[in-house]
Each structure stands twice: as C-alpha cells, then as structure tokens.
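These are the residues of each chain, in order.
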Number of protein chains: 2
Amino acid sequence: MSSSLLVIGTVAFDNLETPFGKADMVVGGAATYAGLSAANFTPHVGIVSVVGGDFPASFLQTFKERNINTEGLQIKQDEKSFFWAGKYHNDMNTRDTLDTQLNVLADFNPVVPESQRSAEYLLLGNLMPKLQMQVLDQMAVRPKLVVMDTMNFWMEIAMDDLKEVLKRVDVLTINDEEARLLSGEYSLVKAAKKILAMGPDYLIIKKGENGALLFRENKVFFAPALPLEDVFDPTGAGDSFAGGFIGYMAATDDISFENMRRAIIYGSAMASFTVEKFGTERLLSVTEEELEQRIQSFVNLMHVDMELA
Amino acid sequence: MSSSLLVIGTVAFDNLETPFGKADMVVGGAATYAGLSAANFTPHVGIVSVVGGDFPASFLQTFKERNINTEGLQIKQDEKSFFWAGKYHNDMNTRDTLDTQLNVLADFNPVVPESQRSAEYLLLGNLMPKLQMQVLDQMAVRPKLVVMDTMNFWMEIAMDDLKEVLKRVDVLTINDEEARLLSGEYSLVKAAKKILAMGPDYLIIKKGENGALLFRENKVFFAPALPLEDVFDPTGAGDSFAGGFIGYMAATDDISFENMRRAIIYGSAMASFTVEKFGTERLLSVTEEELEQRIQSFVNLMHVDMELA
C-alpha cells in the first residue's frame, strides 16, 4: 500500500497570459498543481491550504474525485482567494508578475488535521517559509521524507526563515536562478555544494525546458525535459514536477537515490502534461495509459548503450 | 581498423577574454579543435585548411605527433593567419566578437590531397558554405557520412549557399539559436522538423551547458552536458564536440542511430575537456584513462532504471 502524503501550498486564482492566449480566474496555486499531480500516484493525498468564499465548489468536488483529502483546506467565506496575474515572455522561460493579491493568505494559519499529522511524506510547497515551518512543527512524527519547494521571492524577503526551514528538510527543489541566488555561486555545481551544506541531503535544480539536476554529496543525476512542439502555459510546471516526484516516492515508499532518479522522471512527465494547456486542464485529463506512454518517451529520449569495457 | 576522416575548417589565432582571464594569440580554429578531438579516436585524420607564415612550426609538429595529416594544410608564407578576438559574458553562453581578420581566409581555395579524396568520413567544419561545397565536390567517392557544422554568421550572409550544402550532408550540427534562425521556429521540435526537410537525415542541436539533442524523423535522443564546477573558456567546445562525434563514428565505422547516440556522448566528453582551460591546452593533455573516466561520469549522470512493466 502506498504511503500517506501531505501537501501544503497555495490554492488560488490565476490570470494567465502567454504568447498563445489569455485565461482569467483559472484555479491554480502550488498545492492545487502538486496535489493533483501526486494524486496520479497515490490515493492518500491531503492538502493544507486556504481559500475564500469565492472558490468554486465544483473544484472542491474535483479534489474529492481525485481522492484528495481537503480536511486541511480552510474556507474563509467572507474573504477572497489568493490571486496572481502573470504574463509570459516569448521564450516562455521568463515572466512578469502583473498583480498579486494575498487576500486569505495574508493571515493564514495552517492547521494540519489530527488525522494527517503522521503523514509519512510531506511536501512543503511554495509558500511563506514561516508557514512551511508551522506545518513541520505540527507533525506528530518526523515524516520519512520532507520535500521543500520555494522561490526567489522568499529569498529576497524572508531568507533567514527560509534557511531555518532548509535545515529540517531532506530535499529542496528550486530552479537554476534560485540556486544561484541562494548560494551566491554562478556555477550550479558550486551552488549545489553550498546549498547541500545548508541542510538538505538532496537538491533538485529545475531548468525548465532544459531538464533537472539531482545532487547528493558527490553524486549527480540529470533528467531531460521532454522536447515539446509547444509549451502552451508553463504555470504550475514546477509544482506538478514536485507533486509527481513526491507522489511517486510515496507510492513506492523507497527513499533511495536510485528511486529518486525514477521519481524525477515521473515528476518531469507530469510537468510535461501540465504545460500542454492552460491551468490544470491537461493535468486533470491525464490517463494511466498516457502517463505510461510518456514515461516510455523519456526512456527512449535518454537511452544509450555505452558498451563500456 | 578505423576509417579515414577528413576535416575541413579554420586554423587560426584567437584572442580570448573570459571572466577568468585573458589569453592572446592562442592557436584555435574549427579544424584545429575538431582535428585534435577526433585524433583521440582514430589515427587517420587529415585536415584541409590554410595558415600564414606566422603560424608556429611547433604547432604543425603538434598535429604530426597526433597523427594528423597536414598535407591539405596550405601555408602561405607571405600572409597572416586568420585571426579572431572575442570576449565572453559572465554567463559564458554569449560572447562578443571584438575583431575578425580574414587574412589568408580571404582568398582560400581548399584543395583535398589526392590521397584523401576517398576519405570515408568527412567533417565540413565551420567555414564559408561555398568552401564546404568545394571540398564536397572534390571527393572522389561520396563519403559514408558527411557532417556539417556551421554558424549564425553564414545564415546571415550566405543562407542560399548554406542551404545548397545542407542538401548534400547527412548530419548538421548547430546550436539552439542557430536552429531557430535557420528554421524560423522557436520550438526546437518544430525547428528540427523543418531543418530535416532541408536535406540532412540527422540534426544535432547543441545547447552548451544544457546538453545536445539528436533528431531523426520521429526519433530524438538527448545527451546532457557534464555539470562542471567552472567553464574556463568555451572557445572550441562546439568544434571539439563535432570532432569527437565524427572521430568516434569513424573509429567504430557504424553509422546507425544507436551508434550516433554513443558518438554524441563522446563528443560531449571531448567538449567538457576543452572548456577546462584556455584554447587547446586541455584537449592536448587528455589521456585515454581520463576519457574513460569521463565517459563513466556521463553514464552515472544519465543512469536510471525505470523498471517498466
């Protein structure tokens, strides 16, 4: 049986603009993408987050249909959900934030439901580091694996808090620019050494269309991104990656480096689906067969028989 | 026995400036890097190029010591060698050309020595497309494999000539920006489709520190670059890659897609050595044991056992 997984992060509305079009008030947020992604691997996912009274009941139903436990999702009837608006540049790797409205997030106090305080796998999705810490503190037992995702924004305004959380997690997932910001090193190899010295045993550096690197001590693994005809909307790709990664880890309940290599491929596969349509649309339609085919595409992409002596 | 390989391209002096320092009048050029790289795999490399009377006899000796046949290397005593000066930006992925002096290249007429007109493998290194065509025309028999390397500069001033050569080669190697320029497509997958329709059966898109993609019809292979602590000087990395690629192909004399996957890893390994020091210094000191170890590093970097059902 697969292990229990708790995911914290935002559940939000996004206004998205890409070279392919615009979409307004799309349900998004780190916990949404990560939770839905993880739910492809294990039926024991719980999310801890907060939304306002404006959040659609139909999407709560979507969570339920995916076996996602929303007991820890607070609903503040008189407030509005967290809102983000962003516009992607033509290269799809960079974006401008057009608007951020914290709303319910401004005074959010995450509460992990009693029944989920013994979750064996924990994803601290992108959120204020202080809130990530509060969730860690509420766990009754230290989870087998704690994965932390974060972003440059928190490095700029809450670096000290972020570093405190970092001491207590097993895996950190950030992108290449964030790795440089956190470490002060341009070389990703040097950056990884410094970041691993800050606490985590594993560091995953996400490079978008250029794949992802997994570092542990002197070991390193590289997983490519699947070359796609079009990246329609990159929003949530990183969260889908993190959710797929820890979802696979929880489902297989094996925290070895070898299994993490596999988990990164599964995370990359989930991210490759997410970017095919706006918001969570594609993520919600992924079938088991499609996932299997996509994993096979990754295997073909990476296959080489070096016939070493 | 390994097959014969002919390499054409520039042999030049470079002034190099990187964030790590400066070096003046360093021997470089596409044929230099590619030839020296290929010579690690096969003792049957010939180069076709041109230098002035200012070219150091000691470096001609270096070619000889590596079993590189310089019969096709014209020496114009009263002229000066091709000269290029460039400065790399901090990201090491972009550079400014500070100076270019064609000198002997201005009226270069490549002549393939009689003894090398039946070479089985041919690398048309980065050079004016018209000169690449002249060399192709001089071959007595169509080589088993023709690899063409080129750059954005020729796409800007000699696109028609370039497209004519493209019709007659098997493999094209260019970087991601050049693939976009040549195809008019941002997506590399779409770019690859268009470029493969222009003639070559195989397309290698080099992405520097982000690895390389090999496309053929509906197949694609991805090879990562080795994560390095420092990239000291990227000059010649692409040429070393191309030389290592075709050198391995010639040495193994197997032009299957499977073998090209391996050849790309060997090419990437050679490029990873080149960037460790200024100019050809590191490339010249690579031992068989070091190459073997580096290949093992690539295997470790890429290894994942997906245990598919």
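Quick caveat: nothing in here was measured; it's all calculated off a predicted structure.

Calculation rules
- Residues numbered from 1 in each chain as written.
- Chains lettered and ligands numbered in written order.
- Predicted model: local features only at pLDDT ≥ 70, side-chain atom pairs only at ≥ 80, totals over all residues.
- Heavy atoms only, no water.
- Helix = DSSP H or I, 4+ residues; strand = E, 2+ residues; numbered from the N terminus.
- Rg over C-alpha atoms; globule rule 2.2 N^0.38 Å.
- Buried < 20%, exposed > 50% of the residue type's maximum accessible area, 1.4 Å probe, protein only.
- Lys, Arg positive; Asp, Glu negative; His and termini not counted.
- Charge placed at Lys NZ, Arg CZ, Asp CG, Glu CD.
- Arc of directions from axis to C-beta.
- Contact = heavy atoms within 4.5 Å.
- Salt bridge = Lys/Arg side-chain N within 4 Å of Asp/Glu carboxyl O.
- Pairing = 2+ DSSP bridges.
- Axes fitted to C-alpha atoms, helices over the stretch in contact; angles between N-to-C directions.
- Buried area = accessible area lost by both parts, 1.4 Å probe.
- Nonpolar A, V, L, I, M, F, W, Y, C, P; charged D, E, K, R; others polar.
- Least-squares fit on C-alpha atoms with pLDDT ≥ 70 in both.
- Polar contact = N/O pair within 3.5 Å; in protein donor to acceptor, adjacent residues only side chain to side chain.
- Core = buried A, V, L, I, M, F, W, Y, C linked by side-chain atoms within 4.5 Å.
- Right-handed = clockwise from strand over helix to strand, strands pointing away.
- Parallel < 35°, antiparallel > 145°, perpendicular 65-115°, else oblique.
- Left-handed = near helix turned anticlockwise from the far one by under 90°.
- Phe/Tyr/Trp six-rings, centres within 6.5 Å; stacked < 30°, edge-to-face > 60°.
- Lys NZ or Arg CZ within 6 Å of the ring centre and 35° of its normal.

Scanning chain A for helices and strands turns up 11 helices and 13 strands. For chain A, whose C-alpha radius of gyration is 18 Å, the value lies close to the compact-globule estimate of 19 Å for 309 residues. A total of 309 residues make up chain A; the buried ones form 58% of that total. Across chain A, the mean location of the 27 positive side-chain charges is 5 Å away from that of the 43 negative side-chain charges.

Since the α-helix advances by 3.6 residues per turn, residues separated by three or four positions end up pointing in the same direction. All names here are of chain A. For helix H5 (residues 159-166), the set of buried residues is Met159, Leu162, Val165 and Leu166. Projected down its long axis, H5 shows its buried positions confined to an angular sector of 120 degrees, all on one face. Summarising the contacts, the buried residues of H5 are in contact with strand S8 (121-124), helix H3 (129-138), strand S9 (145-149), helix H4 (152-157), strand S10 (171-175) and helix H6 (176-183).

A few words on the pattern of salt bridges. Residue and element names in this part refer to chain A. Taken as a whole and judged by the stated rule, the model has 36 salt bridges over all chains. Residue Lys144 is joined to Glu120 by a salt bridge in which the shortest nitrogen-to-oxygen separation is 3.9 Å. Taken together, the positions of Lys144 in the loop between H3 and S9 and Glu120 in the loop between strand S7 (95-101) and S8 put the pair 24 residues apart, joining distant regions of the chain. One salt-bridge network, in which partners are shared between bridges, spans Glu276, Arg282, Glu290 and Arg294.

Quick look at the sheet that holds S8 of chain A now. Residue and element names in this part refer to chain A. Pairing is mixed across the open sheet formed by nine strands, whose spatial order is S5-S4-S1-S8-S9-S10-S11-S12-S13. With one partner strand each, in any of the chains shown, strand S5 (68-76) and strand S13 (219-223) form the two edges of the open sheet. Adjacent strand axes in the sheet meet at a mean angle of 15 degrees, parallel and antiparallel pairs treated alike. Pairing of S9 with S10, which is carried by three bridges, proceeds in the parallel orientation. Each residue of the ladder has a partner; that of Asp149, found in S10, is Thr173. Running over the sheet, helix H2 (residues 57-65) touches strand S4 (45-52) and S5 and is turned about 160 degrees from S5.

A common way to state how big an interface is: give the accessible area lost once the parts meet. Facing 37 residues of chain A, the contacting portion of chain B comprises 37 residues. Both faces combined, the contact of chain A with chain B buries some 3,400 Å², and carbon together with sulfur accounts for 57% of it. At the junction of chain A with chain B, the criterion picks out four salt bridges. Between Lys190 of chain A and Asp230 of chain B there is a salt bridge, with the nearest N and O atoms lying 3.1 Å from each other. Of all elements in the fold, only helix H7 (188-196), S13, helix H9 (257-274) and helix H11 (288-302) of chain A reach the threshold of two or more residues within the side of chain A that touches chain B. A total of six residues in the side of chain A that touches chain B trace back to one element, the largest contributor, which is H11 of chain A. The residue makeup of the side of chain A that touches chain B, split by class, is 18 nonpolar, six polar and 13 charged.

Before going further, it helps to spend a moment on the relation of the copies chain A and chain B. Expressed as a screw operation, the relation of chain A to chain B combines 0.0 Å of axial shift with a rotation of 180 degrees, fitting to an RMSD of 0.0 Å. The transformation just described matches what one would write down for a two-fold rotation axis. Minimal C-alpha distance to the rotation axis in chain A is attained by Asn210 of chain A, lying at 3.0 Å. Same-surface contact between copies: 100% of interface residues of chain A are shared with the interface of chain B.

Residue and element names in this part refer to chain A. Take Ser272: it is sitting in helix H9. Residue classification places Ser272 among the buried positions, given a relative accessible area of 5%. In terms of polar contacts, Ser272 uses its side chain to reach the backbone carbonyl oxygen of Ala269, at 2.6 Å. Among the polar contacts listed, one links the side chain of Ser272 to the side chain of Arg294, at a separation of 3.0 Å. With near-sequence residues (within four places) excluded, Ser272 lies in contact with Leu226, Leu228, Arg294 and Phe298.

If you look at soluble globular proteins, the nonpolar side chains tend to sit buried side by side. If you look at the biggest cluster of nonpolar residues, it comprises 224 residues, and the most contacted ones within it are Phe245 of chain A together with Phe245 of chain B. With near-sequence residues (within four places) excluded, Phe245 of chain B lies in contact with Val147, Val171, Ile204, Met260, Ala263, Ile264 and Gly267 of chain B.

Once that is clear, we can look at the pairing of S5 of chain A. Residues and elements named next belong to chain A. Inspection of the sheet shows S4 paired to S5 by seven bridges, in the parallel sense. Looking at S5, one finds that Gly46 is bridged to Asn69. In this region the chain leaves S4, passes through H2 and returns to the parallel neighbour S5; the handedness of that crossover is right-handed.

This part is about the packing of helix H1 (residues 30-38) of chain A against helix H8 (residues 237-252) of chain A. Residue and element names in this part refer to chain A. Viewed as axis vectors pointing N to C, H1 and H8 meet at an angle of 40 degrees, and their least axial separation amounts to 7 Å. Regarding the angle of H1 to H8, the classification is oblique. Note that H1 runs across H8; the crossing there is right-handed. In contact with Ala30, Tyr33, Ala34, Ser37 and Ala38 of H1, H8 contributes Asp239, Ser240, Gly243, Gly244 and Gly247. In the contact of H1 with H8, the residues fall into four nonpolar, five polar and one charged.

A few words now on the packing of aromatic side chains. Here the structure, examined in full by the defined rule, presents 21 aromatic pairs over all chains. Ring geometry for Phe59 of chain A against Phe63 of chain A: centres 5.3 Å apart, planes inclined by 80 degrees, an arrangement best described as edge-to-face. You can see Phe59 of chain A and its partner Phe63 of chain A sitting in helix H2, four residues apart, about one turn around the helix. One exposure class covers both Phe59 of chain A and Phe63 of chain A, and it is buried. Members of the aromatic cluster, connected to one another through ring pairs, are Phe13, Phe55, Phe59 and Phe63 of chain A. One cation-aromatic arrangement involves Lys219 of chain A over Phe257 of chain A; the distance from NZ or CZ to the ring centre is 5.2 Å. A cation over an aromatic ring shows up here: Arg294 of chain B above the ring of Phe273 of chain B, its NZ or CZ 4.0 Å from the ring centre.

What follows is about the pairing of strand S1 (residues 5-8) of chain B. Residues and elements named next belong to chain B. Burial along S1 is two-sided: Leu5 and Val7 facing one way and Leu6 and Ile8 facing the other are all buried. One ladder, built from four bridges, connects S1 with strand S4 (residues 45-52); its direction is parallel. The residue bridging Ile8 from the neighbouring strand is Val48, located in S4. Examined bridge by bridge, S1 and strand S8 (residues 121-124) share four bridges and lie parallel to one another. Bridged to Leu5 within S8 is Tyr121.

The next point concerns the sheet that holds strand S10 (residues 171-175) of chain B. Residue and element names in this part refer to chain B. The nine strands lie next to each other as S5-S4-S1-S8-S9-S10-S11-S12-S13, forming an open sheet whose pairing is mixed. Edge positions in the open sheet fall to strand S5 (68-76) and strand S13 (219-223), since each of these has one partner strand only. Each strand of the sheet is rotated relative to its neighbour by a mean of 15 degrees, with strand direction disregarded. Lying over the sheet, helix H3 (residues 129-138) contacts S1, S8 and strand S9 (145-149), oriented at roughly 165 degrees with respect to S8.

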